[in-house]
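Structural overview for review
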Amino acid sequence: MSVQIWTFIFVFVTFGLYIGIAIKSRAGSTSDFYVAGGGVPPLANGMATAADWMSAASFISMAGLISFLGRDGTFYLMGWTGGYVLLALLLAPYLRKFGKFTVPDFIGDRYYSKTARLIAVFCAITISFVYVCGQMQGAGIVFSRFLEVDITTGVIIGMTIVFFYAVMGGMKGITYTQVAQYCVLIFAFMVPAIFISILMTGVPIPQIGFGSELTQDFGGGYLLDRLDGMSQELGFATYTEGQRSTQDVFFITAALMFGTAGLPHVIIRFFTVPNVRDARRSAGYALIFIAILYTTAPAVAAFAKTNLINTVSNVEYTSVPEWFTKWEATNLISFTDKNNDGRIQYLGNAEENELEVNRDIMVLANPEIAGLPNWVVALVAAGALAAALSTAAGLLLVISTAVAHDLLKRSFIPEITERQELLYARISIFIAVLIAGYVGINPPAYVAQVVAYAFGLAAASFFPAIVLGIFNKRMNKEGAIAGMLAGFLFTAGYIIYFKTLNPALDNANGWLFGISPEGIGTFGTIANMLVAYAVSKFSPEPPDAVQTIVENIRLPGEAIRQ
Amino acid sequence: MSDNSARSYWRSNIRIVLTLLSVWFFISFGCGILLVDTLDNIRFGGFKLGFWISQQGSIFVFVALIYIYIYLMDKLDNKYNFESSTSASTSDQAPEETITEEQET
């Protein structure tokens, strides 16, 4: 059977499964809709969190990015997992104890201020919206390549599915669909990785194959030594050595960690478990489930890079394998014969290099490059769609709760009934899906870049405000508002300055202390904390009722939901 | 639960969090970034140690840290008689001897 037929089968079966789950878990109340009634078991929540968190970027792009960054790619690996330690130790248990529905809920109540709540709503919507557009684009790419439909049709199919289960089931529907999506995506990621590991090293565990010797067919010797050698020969940077400055890698890693811990769609997952102990446990499960993919990704990166060089370097263009021609049609790989010798020169030197490879191809085409069976190739498509749709659904829910709950119910029209609030929540998901779909079909050039900056913005706004709200009882509304504004504006300003106003300066010499815009969120976090602390010293203490809330969330025990 | 035992519970909690976060910092930012070139001189199998910690080892440590945290916090909760699964009213009483013991430290 062809790849396309296999893909149709997998996509059809998995989508049917998601819809079946959605029908079984309809939401009846706002509590069901926002936090799945607070009754999700920690294991299920761990899987849902992992699927929620691992987006099209983790599934499709990350291993490819690492293949081209080598050791510098570390900041994605450590940044996107290390943040869970912060989340588990500093945020999740306390926010669960607080026991409300949304992140702006916490900010608004803890800082007894409508202004703080509205700033939080603004940050939550901006961050989630930027992020969701990237997911729709990812789904579009997969549909267009594997099902050979055009991107518009692909995005519309994706939108319809997400819309169906998000609008019907809210958090309840999303949670159990995400559990299924996690299973699909991890299976789809691991099967090709295991196949390739066996093929290249004879070891069935990719994490170990990564440090093993290649089989005789691949020339023997340790994989990483061989990759270093080939990279040097072709004039690329040595794979296992860093190119970026140490302080830049340090700051980017920190920004991704703080950002991970501050992303509203991840935080709200911890509102759905029954109690504080379960919140801690589900953070543990979540990181295990994430770590399975994240420890495999660097191995996949090294396998794919080795395989790519072996397959295309100095090969005659007329004798390239079939996958090469198919991916050329999507413009993700392109060849220009600069010296007219009919062979592909893949070199580090930009003047002589004749091959441009898009990083996304490294995961999507990896099974084809390694010559794996058609059903494995098709599985990757279903996995990438699961990753994109699960994250999109979680983000859309944040947008809808921010609008229906924080903006309407808690700020502007408090008199609406629960039924009306639920209706508004469903309407706002509907509108958000339409806008996200539109942006997915007509992607502005900067979306992909902006997704990376969403982390810096989350790091500089939410993370310090929440941590200070829990660990500093004296922190008041003046401090928190000033801190969030300072952190958000500084980070956004720095990014906008280098990316749009003065791109000529966007290099290590132009940056402040050699910190790239990707890493500046770390400065934003620190600035937020310092400003908040200083301002709070010179303004009145928070009221007694608020100090009691803080004392209360520090202790476990049954959370009381209002 | 009394103010005193609440305060000592919180102090123990902070101590656990700070200890685990220093390990977190040492492994990720210390070994994975700042000391990576030095550690690369040590090899095992096909890996250079620094490279391995930064791309794989640190993630295993992160998982372990969360599980140590869960274990220590469960122990702490039991000591102060918190039962998350039951209602707050039955778990508000901390044992008398725990309070005096913790006050001295």
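All right, on to the overall build of chain B then. When its secondary structure is counted, chain B shows 4 helices and 2 strands. Ordered by position from N to C terminus, the α and β elements of chain B give α-α-β-β-α-α. Going through the 105 residues of chain B one by one, you find that 34% of them count as buried. Look at the contacts in chain B between residues 6 or more apart in sequence, and 53% of them connect residues 24 or more apart.

Turning next to the overall build of chain A. Helix and strand counts for chain A come out as 22 helices and 2 strands. A compact globule built from 562 residues would reach a C-alpha radius of gyration of about 24 Å, and chain A, at 24 Å, matches this within 12%. On the principal axes, the C-alpha backbone points of chain A span a range of 75 × 55 × 40 Å. Here chain A holds 562 residues, and 59% of them are scored as buried. Of the contacts made within chain A by residues no fewer than 6 positions apart, 81% connect residues no fewer than 24 positions apart.

How big an interface is tends to be stated in terms of the accessible area lost upon association of its parts. Counting residues at the interface gives 43 residues for chain A and 39 residues for chain B. Contributing elements (two or more residues each) for the side of chain A that touches chain B: α5 (74-98), α10 (223-233), α11 (246-262) and α13 (276-312) of chain A. When residues in the side of chain A that touches chain B are grouped by element, the largest group, 12 residues, is from α13(A). Looking at the side of chain A that touches chain B, its residues break down into 21 nonpolar, 13 polar and 9 charged.

Next up on the list: the confidence of the model for chain B. All names here are of chain B. This prediction gives chain B a mean pLDDT of 79; 77% of its residues lie at or above 70. At the low end of the mean pLDDT range in chain B sits helix α4 (residues 96-104), at 35; at the high end sits helix α3 (residues 49-79), at 93. Note on residues 85-105: pLDDT is under 50 here. Beyond four places in sequence and across chains, it has 29 contacts. For this predicted complex, the interface confidence comes out at an ipTM of 0.90, alongside a pTM of 0.89.

Below, the discussion takes up the environment of A:Leu505. Structurally, A:Leu505 can be placed in the loop between α20 (477-501) and α21 (521-537). Once residues lying within four places of it in the same chain are set aside, the contact partners of A:Leu505 are A:Phe498 and A:Gly510.

Its identity as a non-glycine residue notwithstanding, A:Tyr112 has a phi of 35 degrees, on the positive side. On the secondary structure map, A:Tyr112 appears in the loop between α6 (103-110) and α7 (114-146).

A word on helix α1 (residues 3-24) of chain A. Residues spaced three or four apart along an α-helix face the same direction, because each turn holds 3.6 residues. Residues and elements named next belong to chain A. The terminal C-alpha atoms of α1, which comprises 22 residues, lie 32 Å apart, in line with the 32 Å expected from a rise of 1.5 Å per residue. Listing the buried residues of α1 in full gives Val-3, Trp-6, Thr-7, Phe-10, Val-11, Thr-14, Tyr-18, Ile-21 and Ala-22. The buried residues of α1 occupy an angular sector of 135 degrees when projected down its axis, which confines them to one face. Residues of α1 that are exposed and point more than 90 degrees away from the buried face comprise Ile-5, Phe-12, Val-13, Gly-16, Ile-23 and Lys-24. For α1, the secondary structure elements touched by its buried residues are α7, α8 (151-201) and α17 (374-412).

Here we take up the environment of A:Thr49. Residue and element names in this part refer to chain A. Among the secondary structure elements, Thr-49 is positioned in helix α3 (residues 42-53). Taking the C-alpha atoms as reference points, Thr-49 and Asn-507, 458 residues apart in sequence, are found 36 Å from one another. Among residues more than four places away in sequence, those in contact with Thr-49 are Val-266, Arg-269, Ser-282 and Ala-286.

All names here are of chain A. Relative orientation of the contacting elements α5 and α13 amounts to 170 degrees, with a least axis distance of 9 Å. In terms of their interaxial angle, α5 and α13 are classed as roughly antiparallel. Across the interface between the two elements, Leu-77, Trp-80, Thr-81, Tyr-84, Leu-87, Ala-88, Ala-92, Pro-93, Arg-96 and Lys-97 from α5 touch Val-276, Ala-279, Arg-280, Ala-283, Gly-284, Ala-286, Leu-287, Ile-290, Ala-291, Tyr-294, Ala-297 and Pro-298 from α13. When grouped by side-chain class, the residues that make up the contact of α5 with α13 number 17 nonpolar, 2 polar and 3 charged.

Attention now moves to the packing of α1(A) against α17(A). How two helices sit against one another is set out by the angle between their axes and by the gap between those axes. Residues and elements named next belong to chain A. Interaxial distance between α1 and α17 falls to 8 Å at its minimum, and their mutual angle equals 40 degrees. Compared by their axis directions, α1 and α17 come out oblique. Crossing of α1 over α17 shows right-handed handedness. Residue-level contacts link Val-3, Trp-6, Thr-7, Phe-10, Val-11 and Thr-14 of α1 to Asn-374, Trp-375, Val-377, Ala-378, Leu-379, Ala-381, Ala-382, Leu-385 and Ala-386 of α17. Partitioning the contact of α1 with α17 into residue classes produces 12 nonpolar, 3 polar and no charged.

This next bit is on the confidence of the model for chain A. This prediction gives chain A a mean pLDDT of 85; 97% of its residues lie at or above 70. Per-residue pLDDT, averaged within each element of chain A, yields its smallest value for helix α2 (residues 30-35) of chain A (80) and its largest for α21(A) (93).

Here we come to the environment of A:Arg269. Residues and elements named next belong to chain A. Note that Arg-269 resides in the loop between α12 (264-267) and α13. Linking Arg-269 and Leu-87, residues 182 residues apart in sequence, is a C-alpha distance of 11 Å. Discounting chain neighbours no more than four positions away, the residues touching Arg-269 are Asn-45, Ala-48, Thr-49 and Asp-52.

The subject of this paragraph is helix α4 (residues 56-69) of chain A. Residues and elements named next belong to chain A. Its 14 residues give α4 an end-to-end C-alpha distance of 19 Å, which sits within 8% of 20 Å, the value for a rise of 1.5 Å per residue. Bending of α4 peaks at approximately 40 degrees at the position of Met-62. Of all the 14 residues making up α4, 12 are buried; the element is thus mostly covered by neighbouring parts of the structure. Among the residues of α4, Ala-56, Ala-57, Ser-58, Phe-59, Ile-60, Ser-61, Met-62, Ala-63, Gly-64, Leu-65, Ile-66 and Ser-67 are the ones counted as buried. In the segment just after α4, Gly-70 is the residue with positive phi, at about 65 degrees.

Counting 217 residues, the largest nonpolar core has A:Val162, A:Leu185, A:Ala381, A:Ala384, A:Leu385 and A:Leu396 as the members making the most contacts within it. Ranked by residue count, the leading element in this core is α17(A), at 24 residues.

What counts and how
- Residues numbered from 1 in each chain as written.
- Chains lettered and ligands numbered in written order.
- Predicted model: local features only at pLDDT ≥ 70, side-chain atom pairs only at ≥ 80, totals over all residues.
- Helix = DSSP H or I, 4+ residues; strand = E, 2+ residues; numbered from the N terminus.
- Buried ≥ 20, exposed ≤ 12 C-beta atoms within 10 Å, placed from the backbone.
- Contact = placed C-beta atoms within 7 Å.
- Rg over C-alpha atoms; globule rule 2.2 N^0.38 Å.
- Nonpolar A, V, L, I, M, F, W, Y, C, P; charged D, E, K, R; others polar.
- pLDDT = per-residue confidence, 0-100.
- Expected span 1.5 Å × (residues − 1).
- Arc of directions from axis to C-beta.
- Axes fitted to C-alpha atoms, helices over the stretch in contact; angles between N-to-C directions.
- Parallel < 35°, antiparallel > 145°, perpendicular 65-115°, else oblique.
- Left-handed = near helix turned anticlockwise from the far one by under 90°.
- Bend = angle between axes of the 7 residues up to and from the residue.
- Core = buried A, V, L, I, M, F, W, Y, C linked by C-beta atoms within 7 Å.

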